[in-house]
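Report on the structure
Chain by chain, the residues run as shown.
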Amino acid sequence: NAQKIYEVIEEEENEIVKDIWDCRKISGVRIPAIDRKGYSLNFNMYPKFYKECMKKYFRTIITKKSIAQCLNIHIALTGFFEVFSEMNYQDRFLKKITREDIEKYIVHLKDKYRGKSVTYVNKFLAYPRTFLEYIKLANYDEAPEKEISFLIFQEDIPTRERDADRLQRVKFVPAPILQELDNNIMKLDRPELIPIYVLLRETGWRGIDILNLRYNNCLEKIWNSKEDRYNYYLCGEITKTGIAQLKIPIRDAVVKMLEECIQTAEQKSNDDNNPKKYLFNIYEGKNKGMPIPKHRLLDSIQRLIKEKNILDENGTLFHFKTHAL
C-alpha cells in the first residue's frame, strides 16, 4: 500500500510540472462520469512569462472546484491574457497594472465578445478578479502592486441574466408533447433506458448526473417516525455545481424501479466490467466500465417520437433534448 501511495504521488508530481495537465492523474480532482469538456488544462495558452504562475494557481483550485468549473476559469483567464496581448502589453504587465489599463481591457472585451450574453462576458471579469485577488493575497511575485479593489470594481462586472430573461431562451418540452412521451415511454425500443428517462422526470437533474449514479450508494432510506414509515432518497453527485452528495425524496413507485435497477447492476457487475459501480453501466466492448452514453437515450426517444408521430407546434417531429426535462 505504501508503494502504491508513493507511485500515485510521484505520478501527480510528474504531471503538474508539465505544460499540459491530464487532470485524471491528479488526486482529489472530481472527474465526471461522462467527458463533456475534456480533462486537459493547456498552460501553453498563457504567455510564457506567466505559465508557471498559472500552474501554481490552478494547483490550488483544481481539487476545490469541479473540473468543469476549472475549465471555465481556464477559458476566462486565457481570454484575459489574450486581450492584453492583443493590446500589445508585454511581460510583467500585471505588476504595474492600473485602473486605466483595466478600463481599456473592458472596452476591448466588450468589442471582442459583442453579441454574447452578459453571463458569458461576466466570467472574463469575475474570474480574473478572483485570480488577481488570490495572487495578491498569496504574495505571488507576479501580483499587481495596487489593491485589486482599485483595479476592477464590482460595477464593472455585468449583472447576470435575470431568471425570467434566461427562461425565455430555454427550450422546454411543451406539456402536450411531454404527456405523449410519458404515455409512450414504456414502448421505448431499448427498455433498459426507460429508468433513465423516469429518473430525469422525477428529479429534474441533468442527464450527466443521472448517468453518474452508483448502484452501491444511490438509494438511501430514512425512518420517518411521524408517518411510521421509511422515506426514500435518490443520492448522487451534481457535477456542475460540485455538490458531492445531494439527496432528494423520490416516490414509492420510482423506489421500486430503482431497487430493481440496483439489483440488476449488482448481479451483472464485477471489478473488471464495472469497477466504479455505475448504475447504468456498459458491461462489454471498448467502453466497458463506462456509463451508458446520453446519446443512446436521445436516439431511442427520437425513434419513439418518429414512430408515434409526436409533432411540435410547427407540425414537424419534435426534437428531444434531455436538458429540456
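Residues numbered from 1 in each chain as written. Predicted model: local features only at pLDDT ≥ 70, side-chain atom pairs only at ≥ 80, totals over all residues. Heavy atoms only, no water.

A word on the environment of Ile 262. Considering the arrangement of structural elements, one finds Ile 262 in helix H10 (residues 252-268). By relative accessible area, which is 11% here, Ile 262 ends up buried. Residues within four places of Ile 262 in sequence aside, it is in contact with Tyr 215, Cys 218, Leu 219 and Leu 279. (Helix = DSSP H or I, 4+ residues; strand = E, 2+ residues; numbered from the N terminus. Buried < 20%, exposed > 50% of the residue type's maximum accessible area, 1.4 Å probe, protein only. Contact = heavy atoms within 4.5 Å.)

Counting residues in each nonpolar core, the largest one holds 46 residues, and the members touching the most others are Met 54, Phe 58, Phe 81, Leu 94, Tyr 105 and Phe 131. Of all the elements in the fold, those that place two or more residues in this core are helix H2 (51-61), helix H3 (67-86), helix H4 (99-112) and helix H5 (118-137). Non-local contacts of Phe 81, meaning those with residues more than four positions away in its chain, are made with Tyr 46, Pro 47, Tyr 50, Met 54, Phe 93, Leu 94 and Phe 131. In this structure, Trp 205, Tyr 232, Cys 261 and Ile 292 belong to the second largest nonpolar core, which totals 43 residues. (Core = buried A, V, L, I, M, F, W, Y, C linked by side-chain atoms within 4.5 Å.)

Right, let's get into the environment of Pro 195. Tracing the sequence through the fold places Pro 195 in helix H8 (residues 194-203). Separated by 62 residues in sequence, Pro 195 and Met 257 have C-alpha atoms that sit 7.2 Å apart. Here Pro 195 is in contact with Met 257, Cys 261 and Phe 280, once residues within four sequence places are set aside.

This part is about H3. Three or four residues apart is the spacing at which side chains of an α-helix point the same way, because the helix has 3.6 residues per turn. In this model, H3 (20 residues) spans 28 Å end to end at C-alpha, consistent with the 28 Å of a helix rising 1.5 Å per residue. In the segment just after H3, Asn 88 is the residue with positive phi, at about 70 degrees. (Expected span 1.5 Å × (residues − 1).)

The next subject is the confidence of the model for the protein chain. Overall, the prediction assigns the protein chain a mean pLDDT of 87, with 89% of residues at 70 or greater. Per-residue pLDDT, averaged within each element of the protein chain, yields its smallest value for helix H6 (residues 163-169) (55) and its largest for H10 (95). (pLDDT = per-residue confidence, 0-100.)

Looking now at the packing of H4 against H5. The geometry of H4 relative to H5 is characterised by a closest axis approach of 10 Å and an angle of 155 degrees between their N-to-C directions. Our classification of the angle between H4 and H5 gives roughly antiparallel. Between H4 and H5 the crossing geometry is right-handed. Only Val 121, Phe 124, Leu 125 and Pro 128 of H5 make contact with H4, whose side of the interface consists of Tyr 105, Ile 106 and Leu 109. A per-class count over the contact of H4 with H5 returns seven nonpolar, no polar and no charged. (Axes fitted to C-alpha atoms, helices over the stretch in contact; angles between N-to-C directions. Parallel < 35°, antiparallel > 145°, perpendicular 65-115°, else oblique. Left-handed = near helix turned anticlockwise from the far one by under 90°. Nonpolar A, V, L, I, M, F, W, Y, C, P; charged D, E, K, R; others polar.)

Mapped onto the secondary structure, Glu 15 falls in helix H1 (residues 2-16). Classification of Glu 15 by relative accessible area gives buried; the value is 3%. Within polar-contact distance, the side chain of Glu 15 engages the backbone nitrogen of Asp 22 at 2.7 Å. Discounting chain neighbours no more than four positions away, the residues touching Glu 15 are Ile 20, Trp 21, Asp 22, Lys 25 and Ile 26. (Polar contact = N/O pair within 3.5 Å; in protein donor to acceptor, adjacent residues only side chain to side chain.)

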